[in-house]
Amino acid sequence: MPEEDRSGLTIDELIGEAMARSDDWAIPELKRRRGEALPGLIDLLNDKTFPKRWWVAHALGLMGDPAVVPPLLAALAEDSEISPWAVWALADLRDPRAVAPLTAALASKSVETRERAAQALAVFGNSGSVEPLCGLLLRDPSWYVRCKAADALAMLKAAAAVPALTKALETDMEDWENVVDSAASALADIDAPLSLKPLVAALGRPRLQGSHDSLVFSIARLCRHDQASVVAGLESPSEEVRWGAAEALAASGDAAAVPPLLEHLKDPSRHVRGAARDTLKAIAKRGVKVELPRRSFQEAARDAACFLMGNYFIAPGTEGFSAYRTGIFVHILFSISVCMGALILATEVLFRSPAFGASAGGVAVFLLWGAGVWLGVLSHYNPLITLAAIVGTVLLSKTAGGTVGLGALAGIVGHAVSFGLVRLLHLARSRCCGE
């Protein structure tokens, strides 16, 4: 409906149309006619049987009138499905009367209310919210709420929250990886002087691989406060810690970091060696004198081989046959076996069997083998391909005779042998590359 037509609608018609759309279509006109609209909206908010109270709370928050704060506070106090919407509305209004009730809402039984209240308190920028938000960060049963508490403390730039955020790095509650990531990011945003030992140690926690890069970035942002702890991380027995420490020093590392980084050019881990070399180059660009030794041909060849093995061969334990971790030998032998089967099939078609029967068998094996490949990609389980090939072999032997069946069987054997070879090569890689 064009904007000029809204003025001809009654308040009830405006509200009804807006709620039917579930959007902000009527808000400008309702704000223009605030004096007439507010009583009706407040009555609807107070009506606990009204099905779209959430929209009313949202609309009242956008009206920008302090008169709606008391009814919104009453809706918040209900601790019901309307409470999260009341939180957002109060955050939009930014009325200081809402700070204490929003702080109390951090203890709500609703996860959504608690996480929205944490974010709303950050909007108010009240320093009195730091302590309750720290309690939420360390004790709330929901990992999502704890992450939002960390985000809120970051928005408040609360140096007083550093001890709680540091303690959160050691949490072992549900989905702690996300909390560690959020706490580290909050510490970097607050940017207060602190010891980086807990952050560096967090790099070595298991199951943190997905957050490795973001955690390194947070340490790099804080490195100037405590470079010594980051340099000390280079001596950790954990490859992840050494690797992350070497990467973090690239942003602000100075001459003091050069000697230990030079030592780690001979680290057993390819990742640590590469990070140390890259960081030394970054430090040299900042004017620090660095005598970076050239890599020997053997070292370069070993790192290249480790990279290829790490990215193109199957890792034991994952049973991986994914789009980005396809075994080269598996792929080559699979292609050879398919080509061999196609050649035998062509011979059958041209010289022995009826074209239709042989072609149907060929199509079956190609489709089944392809299905096995894609099932392997989705499930990360390589032997499904072999299973599909066995079914294809049975169909081929029934339709095109034993010759094609023998060809497909050879392909299966080749595939199984290649799978074993890839595992042996991965074992060799583990010993050679220290990974």
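What you see is a predicted model; the values in this text were computed from it and never measured.

**Student:** I tried to follow helix α8 (residues 111–124) on my own but got confused; where do I start?
**Tutor:** What sets the pattern is the α-helix's 3.6 residues per turn: residues three or four places apart point alike. A rise of 1.5 Å per residue sets the reference length of α8, with its 14 residues, at 20 Å; its end C-alpha atoms lie 20 Å apart and thus fit the reference within 8%. Counting buried positions along α8 yields 10 of 14 residues, so the element is predominantly enclosed. Regarding α8, the residues found buried are T113, R114, E115, R116, A117, A118, A120, L121, A122 and F124. Taken together, the buried residues of α8 touch α5 (69–77), α6 (83–93), α7 (99–104), α9 (130–139) and α10 (143–156). N-cap assignment for α8: the residue whose side-chain oxygen lies 3.3 Å from the backbone N of E112 is S110. Backbone geometry just after α8 places G125 at a positive phi near 65°.

**Student:** Please clarify how the nonpolar core should be interpreted in this entry.
**Tutor:** As a rule of thumb, nonpolar side chains are buried together in soluble globular proteins. In terms of nonpolar packing, the biggest core is built from 108 residues, with L30, W55 and L165 touching the most fellow members. Apart from residues lying up to four places away in sequence, L165 is in contact with L137, A150, L153, A183, A186, L187 and I190.

**Student:** Where do I start with the pattern of salt bridges in this structure?
**Tutor:** Side-chain pairing between opposite charges can occur once the charged atoms of the two side chains come close. Counted by the stated rule, this structure contains 9 salt bridges. A salt bridge links D191 to R224; the nearest nitrogen and oxygen atoms lie 2.4 Å apart. Pair noted here: D191 is in the loop between α12 (176–190) and α13 (197–202) and R224 is in the loop between α14 (212–222) and α15 (227–232), with a separation of 33 residues, a long-range link. A relative accessible area of 29% means that D191 is categorised as partly exposed.

**Student:** How should I be thinking about unusual backbone geometry in this particular structure?
**Tutor:** With the exception of glycine, the majority of residues adopt a negative phi angle, and the majority of peptide bonds are in the trans configuration. Phi is positive for D79, close to 55°, though the residue is something other than glycine. Residue placement: D79 occurs in the loop between α5 and α6. A positive phi is found at K157, a non-glycine position, where the angle reads about 55°.

The rules behind the values
- Residues numbered from 1 in each chain as written.
- Predicted model: local features only at pLDDT ≥ 70, side-chain atom pairs only at ≥ 80, totals over all residues.
- Heavy atoms only, no water.
- Helix = DSSP H or I, 4+ residues; strand = E, 2+ residues; numbered from the N terminus.
- Expected span 1.5 Å × (residues − 1).
- Buried < 20%, exposed > 50% of the residue type's maximum accessible area, 1.4 Å probe, protein only.
- Contact = heavy atoms within 4.5 Å.
- Polar contact = N/O pair within 3.5 Å; in protein donor to acceptor, adjacent residues only side chain to side chain.
- Core = buried A, V, L, I, M, F, W, Y, C linked by side-chain atoms within 4.5 Å.
- Salt bridge = Lys/Arg side-chain N within 4 Å of Asp/Glu carboxyl O.

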